[in-house]
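Here is what each chain is made of, one letter per residue.
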Amino acid sequence: MSFFNYQLPPEKIAQRPVYPYDQARLLVVERSAKQLSESTFANIAQYLNSNDLLIFNNTAVRPSRLFGKLDTGGHVELLLVKSSQPSSWWCLARPLKKLVAGKIINFDLGLQGKVVSQSEQQVLIKFNLSDLQIKEIALMPIPPYIRRGHGDSQDLIDYQTCFAEIEGSIAAPTASLHFTTNLIAEIKAKKIAIEYLTLHVGTASFLPLQFSDQDSITPPGSEEFLVSEDLIKKIIATKENGGRVIAVGTTAVRALESSNLEINNYAGDTKLFIQPGYKFKVIDAMVTNFHQPSTTHLMLVQAFIGIDLITASYQYALNNDFRFLSYGDGMICL
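Residues numbered from 1 in each chain as written. Predicted model: local features only at pLDDT ≥ 70, side-chain atom pairs only at ≥ 80, totals over all residues. Heavy atoms only, no water.

J.: I'm lost on the overall build of the protein in this one. Help?
T.: Assigned secondary structure in the protein consists of 7 helices and 19 strands. Judged by the C-alpha coordinates and their principal axes, the protein covers about 60 × 40 × 40 Å. Looking at the protein as a whole, 53% of its 334 residues are labelled buried. Taking the intrachain contacts of the protein between residues at least 6 apart in sequence as the baseline, contacts between residues at least 24 apart amount to 69%. In the protein, which carries 30 positive and 32 negative side-chain charges, the distance between the mean positions of the two groups comes to 4 Å. (Helix = DSSP H or I, 4+ residues; strand = E, 2+ residues; numbered from the N terminus. Buried < 20%, exposed > 50% of the residue type's maximum accessible area, 1.4 Å probe, protein only. Contact = heavy atoms within 4.5 Å. Lys, Arg positive; Asp, Glu negative; His and termini not counted. Charge placed at Lys NZ, Arg CZ, Asp CG, Glu CD.)

J.: Is there a simple way to think about the sheet that holds strand β8 (residues 104–106) in this case?
T.: In a beta sheet, neighbouring strands pair by backbone hydrogen bonds and run either parallel or antiparallel. Strands sit in the order β5-β6-β7-β10-β9-β8 around a closed barrel of 6 strands; the barrel is antiparallel. Geometrically, the sheet is characterised by an average inter-axis angle of 45° between neighbouring strands, direction not taken into account. Here 5 bridges tie strand β9 (residues 112–118) to strand β10 (residues 123–127), and the two strands are oriented antiparallel to one another. Each bridged residue has a counterpart across the sheet, and for Gly113 the counterpart in β10 is Phe127. (Pairing = 2+ DSSP bridges. Axes fitted to C-alpha atoms, helices over the stretch in contact; angles between N-to-C directions.)

J.: Looking at this structure, I do not really get the pattern of salt bridges. What am I missing?
T.: All told, the structure shown has 15 salt bridges when counted by the stated rule. Across the salt bridge formed by Asp52 and Arg244, the nearest N and O atoms sit 2.7 Å from each other. In this pair, Asp52 is assigned in the loop between β2 (35–40) and β3 (53–57) and Arg244 in the loop between α4 (229–240) and β16 (245–248), connecting sequence segments 192 residues apart. Across the pair Arg147 and Asp152 runs a salt bridge, and its minimum N-O distance is 3.8 Å. (Salt bridge = Lys/Arg side-chain N within 4 Å of Asp/Glu carboxyl O.)

J.: Help me out: how do you make sense of helix α7 (residues 307–319) in this one?
T.: When the terminal C-alpha atoms of α7 are compared, their 18 Å separation across 13 residues agrees well with the 18 Å that a helix rising 1.5 Å per residue should span. Residues Leu309, Ile310, Ser313, Tyr314, Ala317 and Leu318 constitute the buried set of α7. For α7, the angular spread of buried residues about the axis comes to 160°, placing them on one side. Residues of α7 that are exposed and point over 90 degrees away from its buried face: Asp308 and Asn319. (Expected span 1.5 Å × (residues − 1). Arc of directions from axis to C-beta.)

J.: Explanation requested: the environment of Val29 in the structure shown.
T.: By the secondary structure assignment, Val29 is in strand β1 (residues 25–30). Residues contacting Val29, with those up to four places away along its chain left out, are Gln35, Leu36, Ile305, Leu309, Ser313, Met331, Ile332, Cys333 and Leu334.

J.: Help me understand unusual backbone geometry in this model?
T.: That bond from Tyr19 to Pro20 is cis: its omega, -15°, falls within 30 degrees of zero. Considering the arrangement of structural elements, one finds Pro20 in the segment before β1. Pro95 follows Arg94 through a cis peptide bond whose omega is -5°. Within the fold, Pro95 resides in the loop between β7 (88–94) and β8. Notably, Leu109 is not glycine yet its phi reads approximately 55°, a positive angle. Tracing the backbone through its elements, the reader meets Leu109 in the loop between β8 and β9. On the basis of relative accessible area, Leu109 is assigned to the exposed category, the value being 72%.

Okay, here's the thing in structure tokens:
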């Protein structure tokens, strides 16, 4: 488990993406040869074959972070996680302990919230404005390691994929942020198939690993996903034709590995926990970013490429000034 707590210097964490997005650096990890090489996302098509199937997550990020104050002047940060009823939301909150029932939180533009109740990890807030008005006031939920979570107008563009379609996420499928409309058009021009699934990214994708005891990790929470019948048929046909199923992002990996190829359809909530020892049944390769220490995403990547390669990959990236995390560089694992 020591690798999961690798040391990530704060200066390695990207605070803004590279522009254009496809100029981000790409670490190419070849599993069979156990080799590493460098490129950029703009050149990713040269590592793809015409019979491959590239699959993206088309979820859209919902503006969902609010910064406010209590009547006492104390600062409050909310992340709107799940709607309870109109204008009422279960939220991750800081500081959680101070948000007892009845507390009033004041935000910008006349928005006010009242604490209704509290669970072990979240708080239920009733707001005085409509959900549409709340969305217009809320910020994009960039992670706290990026400018302390204070998103701005540029993040409305940067923290959303160019093909985002179905709103429902509170974090971006960040590996997809490197793909521009021009790059996708170039990939399609080379007769490489591109398809989409939907997984709404929830707290399971960014909360740190929790240990129930010294040797047991608490599985991450569930996330809602849809892999269509048509996509499953294309996955099966790709494999029959000798092509590779390549997932863009660990959220796409989780959705695909949760799908059932035998019944040609799958939708619902996945509780799949991919960790070392897991046997992959759908994907043949993946594109992913460099992840935070002690996260389920890091465990998933290690499960796919092994401890030796993930250690070598991250050490190479650290030693060669790669940019880490959501707005950073990425890797393709073949």
